[in-house]
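Listed here are the chains, written in short residue letters.
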Amino acid sequence: MMKKRPLLLCLLLHVSFTAAAVNKPPAFKVLAFYNLRVEPDHVDFANDALVYFKRLAGEKNFQFDTTTDWSKMNAAVLSKYQVVLWLNFFPTTPEQRAAFSTYMEHGGGWIGFHVAGYNDKYTQWPWFVNFLGGAVFVNNNWPPLPAKLHVDPTNHPVTRHLPADYLSPANEWYQWDPSPRLSKDVKVLVTLDAANYPLGKKNLLTSGDIPVVWTNKKYNMLYVNMGHGDKIFTDSLQNKMYEDALLWVGRKKK
Ligand code: ZN
């Protein structure tokens, strides 16, 4: 009988260790905001993004919550999350905007995709333009098209699995004036290759510096221009960048 006890103890320890591994708390919590009453191509992207990040949450042990209710952009809700995603829209009321800027000024994390960064003279939110590194939307290609992208640096946590150059799936690419690269606070990670010009048919991108993925180093943030249509998640190499991006923002300590 005595000889069986160590075996039983080992078995019990194994069971409890396994249970602890399954039940361990999430490494960080993400809340993804999106909108179903926007351009259909932007809804398609959001739906694909939800599938992608929900699966990733299971694999990488973070909590992934989603909402179409932008009134949840308030201090009480945001305080429960380390990362906020804007998949295809942005806050429109002064209250939502104030809650978001306060969250980011106090170390919150954010990734915005595509139209999340859109702003023009009607947006009337100077804080957000500054947050993006001064970038104001000025032009886009149409229809959505694949484009050659240049990655520099390739050793950044967000881009470390990307090659220096690759062909990105079809997207509507935005141009900005001024380019966020002109801001001393911005680090550009991915840029539209000038070899693409002229890019488009009905609407053309013909010249200029077009950053595609960048961070404003004053914040825990990343802007990603991809986000238009149902092709965005068709490249496994590029998909890895979305994973690396979320883990980079999520794991930064407040
Ligand atoms: Zn678009």
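Here, the structure is the one placed above.
Residues numbered from 1 in each chain as written. Predicted model: local features only at pLDDT ≥ 70, side-chain atom pairs only at ≥ 80, totals over all residues. Heavy atoms only, no water.

A few points about the pattern of salt bridges
- By the definition in use, this model includes 7 salt bridges.
- Between Lys60 and Glu243 there is a salt bridge, and its shortest N-O distance comes to 3.6 Å. In this pair, Lys60 sits in helix α2 (residues 40-60) while Glu243 sits in helix α6 (residues 236-251), placing the two residues 183 residues apart along the sequence.
- Residue Glu243 is classed as buried on the basis of its relative accessible area, which comes to 8%.
- Put simply, Arg181 and Asp209 hold a salt bridge, and the shortest N to O gap is 2.7 Å. Highlighted residues: Arg181 in the loop between β8 (174-176) and β9 (186-192) and Asp209 in the loop between β9 and β10 (211-216), separated in sequence by 28 residues.
- With a relative accessible area of 32%, Asp209 lands in the partly exposed category. (Salt bridge = Lys/Arg side-chain N within 4 Å of Asp/Glu carboxyl O. Helix = DSSP H or I, 4+ residues; strand = E, 2+ residues; numbered from the N terminus. Buried < 20%, exposed > 50% of the residue type's maximum accessible area, 1.4 Å probe, protein only.)

Side note on helix α4 (residues 94-105)
- Taking 1.5 Å per residue as the helical rise, α4 with its 12 residues ought to reach 16 Å, and the 16 Å between its terminal C-alpha atoms agrees with that figure.
- Inspection of α4 places Gln96, Arg97, Ala99, Phe100, Ser101, Tyr103 and Met104 among the buried residues, and these make up the whole buried set.
- In this fold, the buried residues of α4 make contact with α3 (75-78), β3 (83-86), β4 (109-113), α5 (126-131) and β11 (220-224).
- Taken from the residues just after α4, Gly107 is the one with a positive phi, measuring 95°. (Expected span 1.5 Å × (residues − 1). Contact = heavy atoms within 4.5 Å.)

Observations concerning the pairing of strand β6 (residues 145-151)
- Of the two faces of β6, the one holding Leu145, Ala147, Leu149 and Val151 is buried and the one holding Pro146, Lys148 and His150 is not buried anywhere.
- Strand direction decides the pairing type here: β6 and strand β7 (residues 165-171), joined by 5 bridges, are antiparallel. In the strand pairing of β7, Ala147 is matched with Ser168.
- Two strands pair when backbone bridges link them, and β6 and β9 are joined in this way by 3 bridges, in the antiparallel orientation. What sits directly across from Leu149, in β9, is Leu192. (Pairing = 2+ DSSP bridges.)

Here's the deal with the nonpolar core
- Counting residues in each nonpolar core, the largest one holds 48 residues, and the members touching the most others are Phe53, Leu85, Leu87, Leu192, Met226 and Tyr242.
- Among the elements that line this core, the one with the most residues is α2, at 8 residues.
- Those residues in contact with Leu85 that lie beyond four places of it in its chain are Val30, Leu31, Ala32, Phe33, Phe53, Phe64, Ile111 and Leu246.
- With 31 residues, the next largest nonpolar core counts Met73, Trp125, Leu132 and Trp214 among its residues. (Core = buried A, V, L, I, M, F, W, Y, C linked by side-chain atoms within 4.5 Å.)

So, the sheet that holds β10
- Across the sheet, which stays open at both edges, the 9 strands sit in the order β2-β1-β3-β4-β11-β10-β9-β6-β7 with mixed pairing between neighbours. Strand pairing shows two members of the sheet lacking a second neighbour, β2 (63-67) and β7, which therefore form its edges. Direction aside, the axes of adjacent strands within the sheet are offset by 20° on average.
- Relative to β2, strand β1 (residues 29-33) is paired through 5 bridges, and the arrangement is parallel. The partner of Lys29 across the bridge, within β2, is Gln63. (Axes fitted to C-alpha atoms, helices over the stretch in contact; angles between N-to-C directions.)

Structural measurements only, silent on function.
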